[in-house]
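Coordinates in review
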Amino acid sequence: MLWLIISFIIFLALWGLAWRSQPKLALGILVGLCLGVPLSGFLGPYESLADVPMWLPPLPFMIITLIFLIYGFLAWRILDANKKSN
């Protein structure tokens, strides 16, 4: 229990330093934690590595790829719409 309190204090201090030097990074960490806490109830706990679903390890890469795909599509549509209006 003591190591949890110590690690929380260290994490909080590092997050405070990130907030002072790079607020966007600290905000991203905060949003990720706020999204991760409710989702963690659906993903665990696992007894062994064999219990982990096959889709779970590549999930962050899939999410980032989909975000980039959507961003690219929207940027293409907006640029195309701007080109037609001129």
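All figures in this text were calculated on a predicted structure; none of them were measured in a lab. (Residues numbered from 1 in each chain as written. Predicted model: local features only at pLDDT ≥ 70, side-chain atom pairs only at ≥ 80, totals over all residues. Heavy atoms only, no water.)

Re the confidence of the model for the chain
- Of all residues in the chain, 99% have pLDDT values of 70 or greater, and the mean over the chain is 88.
- The secondary structure element of the chain with the lowest average pLDDT is helix α3 (residues 59–85), at 88, and the one with the highest is helix α1 (residues 2–21), at 92. (pLDDT = per-residue confidence, 0-100. Helix = DSSP H or I, 4+ residues; strand = E, 2+ residues; numbered from the N terminus.)

Points about the packing of aromatic side chains
- Under the defined criterion, the tally for this structure stands at two aromatic pairs.
- When the centroid spacing of 5.8 Å and the interplanar angle of 55° are considered together, the rings of Phe-73 and Trp-76 count as tilted. Here Phe-73 and its partner Trp-76 are both found in helix α3, three residues apart, which amounts to about one turn of the helix.
- Overall, the relative accessible area of 51% leaves Trp-76 in the exposed class.
- Between Arg-77 and the ring centre of Trp-76, over which it is positioned, the NZ or CZ distance is 6.0 Å. (Phe/Tyr/Trp six-rings, centres within 6.5 Å; stacked < 30°, edge-to-face > 60°. Buried < 20%, exposed > 50% of the residue type's maximum accessible area, 1.4 Å probe, protein only. Lys NZ or Arg CZ within 6 Å of the ring centre and 35° of its normal.)

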